[in-house]
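Here are the chains, one letter per residue:
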Amino acid sequence: MKIQSISILVTIDKGEQYMIYSKESTWWKEQIIYQIYPRSFNDANGDGIGDLKGIIEKLDYLKDLGVDIIWICPIYQSPNDDNGYDISDYRAIHPAFGSLEDLEDLLSGLHQRGMKLIMDIVVNHTSDEHEFFKASKSSTDNPYRDYYIWKKPGSDGGPPNNWMSFFGGSAWEYDEPTGEYYLHLFTKKQPDLNWQNPIVRNEMYGILNFWLDKGIDGFRMDVIPLISKRADYPDAVQDSFPKVIEQVYSNGPKVHEYIKEMVAKSISNYNVMTVGEGPGISKEVALNYVGKDRGELNLIFHLDHMYLGQGKEGKYTPVPYTLQDVKRIFNEWDDAIGSEGWISIFLDNHDFPRMISRFGNDDEYRVECAKLFCMLILTLRGTTCIYQGSEIGMTNVAFESMDYYRDVETLNFYKEQKKLGMSDEEFLIMAHKHGRDNARTPMQWSSKKNAGFSDSDKCWLDVNPNYKTINVEACKDDPNSILSFYKEMIRIRKSDNTFIYGRYEELSKGHEQLFVYKRWSDASSYIICLNFSEKQLCISDYIPTDATCIFGNYPSSDDPHLRAWQAKLFKLG
Ligand code: TEU
Ligand code: CA
């Protein structure tokens, strides 16, 4: 039995009560998530594809890093149109990843090390090769028809409305034999489930319970705000795709009813965590999902900072943004969540470019940037999520032709943009900047063949050529390496709950290159100073005389200036 919280209330005359102490200890707030994209993490059987046994081989590495909760992307049976986010059998492990026994071995290996496992569950859509969809598609009066969203053609004979897929093109696919369209907010091989149908909802809850009964510690819930569709399927105003996601696809009329039912019929019967992936969840509605008394999700990965730069049709129609925009989003979200809810802090994952390439300088200041972003994600307020490879400063990849790219989002947008006249060279530059394959190149373990990821002659996705110098082996015994910095920063974060439960405030609002903020509690106070530029910048205005620099990414000095991409952690008093 784990103590969840301790509160001391004093009652004074006339029965008035005052809370004088409250210690809430919530593991999913205090622990650190490490995200693994299994396909790219470690290949134990030499077929060029990462697998569960490969993860098991690295459990001591993960324990030594200091992370606690391992989030693995989908490993279920799937045709891999979207690398497992198109599930064709929810209760089976894709043979390329291994077996149910391997999953159970991974789970017990983690539990033996005092670590946890959360699985990635996709309940908004299935694969079109799932038995449910094959039946649903077979005829308009099939009992499974209503498991998915089928609509008659619009008045012009075309799609029922103007909704676009996240991956380019229409979100509707016409089925000739039955004369109707089905909805797919992602690829046409990912038909959306009809959550209005209680049989569908109960099928999904049964799947959650199947995995929870195996003893996993929770779920990352893929695109959970999309599950309730607006009944009239209104046309969308197509001037900003992130806005369409927020106002049309997400936060539908019954989304909270469904999540509450899911918690009541499944999640609440276990001591587990749920982290929702939150495309379209704005700070204004966030507490409806993660408010502590809502009985819905524990926390979310909101995507406001991740969608920065996405224009009319998403990332391939980019718009400019600055550090100010990033800081504003962090500040506004911290205000909105307050003491009522919880979020994760992250700056990359398997869907976005590597954070030091996107937000930093991954060339001459790669090491300094990797350490700066490490300090950032481990000192902001929320559950830190570290994406595989960040701990060694892995970067984006610049493949020399589109032949090297595997991601369905990239390839679909490539097709769409070519129709609009974009050249291969122009699109290749976009793929280098925005493509999801940037984050999916195999983990770089050593300078050996395939970066030590696989013994195969051909990996499913090529290794980043910079693996010769950027790899775990090159870092692990170097006290000044990025990996060593991650381990020490994790140790510092875990040494003081002020980094978890303490308050947050930016001190450098309005500054174009500095991000300086304070974390404090009754017990201790810290100031974090980050220079997002190559300029020398003075920070003496922010640092009180009783401050001591306890950690940083340059050799320690009392110079009141930050150097290029310099990060300093000060403790006050
Ligand atoms: O991602 C949903 C989502 O918001 C992303 O598609 C993101 O907007 C886009 O990839 C940015 O380029 C989840 C999964 O994380 C993603 O891997 C899947 O492709 C998608 O859902 C469909 O399941
Ligand atoms: Ca393998």
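Everything quoted here is computed from the prediction, not taken from an experiment. (Residues numbered from 1 in each chain as written. Chains lettered and ligands numbered in written order. Predicted model: local features only at pLDDT ≥ 70, side-chain atom pairs only at ≥ 80, totals over all residues. Heavy atoms only, no water.)

A. Just the overall build of the chain, in detail. The number of helices and strands found in the chain is 17 helices and 24 strands. The C-alpha radius of gyration of the chain comes to 24 Å, within 12% of the 25 Å expected for a compact globule of 573 residues. Taken over 573 residues, the chain has a buried fraction of 61%. Sequence separation of at least 24 residues holds for 69% of the intrachain contacts in the chain that already meet a minimum separation of 6. Per element, the accessible surface of the chain, about 22,400 Å² overall, is 49% carbon and sulfur. (Helix = DSSP H or I, 4+ residues; strand = E, 2+ residues; numbered from the N terminus. Rg over C-alpha atoms; globule rule 2.2 N^0.38 Å. Buried < 20%, exposed > 50% of the residue type's maximum accessible area, 1.4 Å probe, protein only. Contact = heavy atoms within 4.5 Å. Areas by Shrake-Rupley, 256 points an atom, 1.4 Å probe, with all protein chains shown as cover.)

B. Just the domain arrangement of the chain, in detail. You can read the domains of the chain as domain 1 (29-125 + 199-485), domain 2 (131-183) and domain 3 (501-572). Counting residues at the interface gives 23 residues for domain 1, matched by 16 residues for domain 2. Both sides of the domain 1 and domain 2 interface together cover about 1,800 Å² of buried area, and 66% of this is carbon and sulfur. Viewed at the interface, domain 2 and domain 1 are joined by zero salt bridges. Taken together, the links from domain 1 to domain 2 amount to six residue pairs in polar contact (both at pLDDT 80 or more). (Domains from an automatic or database assignment. Buried area = accessible area lost by both parts, 1.4 Å probe. Salt bridge = Lys/Arg side-chain N within 4 Å of Asp/Glu carboxyl O. Polar contact = N/O pair within 3.5 Å; in protein donor to acceptor, adjacent residues only side chain to side chain.)

C. Focus on the site of ligand 1. The environment of ligand 1 is made up of 21 residues, and the closest members are Asp82, Tyr307, Lys315, Asp351 and Glu409. At a separation of 2.9 Å, an oxygen atom of ligand 1 approaches a polar side-chain atom of Arg436. For the shell around ligand 1, the per-class residue count stands at nine nonpolar, three polar and nine charged. (Near = heavy atom within 4 Å. Nonpolar A, V, L, I, M, F, W, Y, C, P; charged D, E, K, R; others polar.)

D. Inspection of the nonpolar core at higher detail. With 175 residues, the main nonpolar core has Tyr34, Ile72 and Phe373 as its most contacted residues. Ranked by the residues each element gives to this core, the list is headed by helix α12 (residues 366-379), at nine residues. Residue contacts for Ile72: discarding those within four places in its chain leaves Ile36, Pro38, Leu52, Ile55, Leu103, Leu106, Leu117, Ile118, Met119 and Asp120. With 12 residues, the next largest nonpolar core counts Ile527, Cys529, Ala547 and Phe570 among its residues. (Core = buried A, V, L, I, M, F, W, Y, C linked by side-chain atoms within 4.5 Å.)

E. Just the pairing of strand β4 (residues 69-72), in detail. Residue alternation in β4 divides its side chains into two sets, Ile69 and Trp71 and Ile70 and Ile72, and both sets are buried. Here strand β3 (residues 33-36) runs beside β4; their pairing, made up of four bridges, is parallel. Bridge pairing in β4 links Tyr34 to Ile70. Direction of pairing for β4 relative to strand β7 (residues 116-121): parallel, over a ladder of four bridges. Across the sheet, the residue bridging to Ile70 is Leu117, located in β7. (Pairing = 2+ DSSP bridges.)

F. Summary view of the coordination of the calcium ion (ligand 2). Protein coordination of the calcium ion (ligand 2) is provided by Asp43 (OD), Asn45 (OD1), Asp47 (OD), Ile49 (O) and Asp51 (OD), with donor distances spanning 2.2 to 2.3 Å. Read in sequence order, the donor residues coordinating the calcium ion (ligand 2) give the pattern D-x1-N-x1-D-x1-I-x1-D. Residue Ile49 is classed as buried on the basis of its relative accessible area, which comes to 17%. (Donors = N, O, S within 2.8 Å, 3.2 Å for Na, K, Ca; no water.)

G. Quick look at the packing of helix α13 (residues 408-419) against helix α14 (residues 424-434). Close contact between α13 and α14 brings their axes to 11 Å; oriented N to C, the two are set at 145 degrees. In this structure, α13 crosses over α14, and the sense of that crossing is right-handed. Seen from α13, the contacting residues are Thr410, Phe413, Tyr414, Gln417 and Lys418; seen from α14, they are Asp424, Phe427 and Ala431. Tallied by class, residues from the contact of α13 with α14 come to four nonpolar, two polar and two charged. (Axes fitted to C-alpha atoms, helices over the stretch in contact; angles between N-to-C directions. Left-handed = near helix turned anticlockwise from the far one by under 90°.)

H. The arrangement of the packing of aromatic side chains in detail. In this structure the tally under the stated criterion is 41 aromatic pairs. Note on Tyr144 and Tyr147: the rings are 4.6 Å apart at their centroids and 55 degrees apart in plane angle, and the pair reads as tilted. Take Tyr144: its relative accessible area is 30%, and that puts it in the partly exposed class. A centroid spacing of 5.3 Å and a plane angle of 15 degrees characterise the contact between Phe399 and Tyr404, whose relative ring orientation is stacked. (Phe/Tyr/Trp six-rings, centres within 6.5 Å; stacked < 30°, edge-to-face > 60°.)

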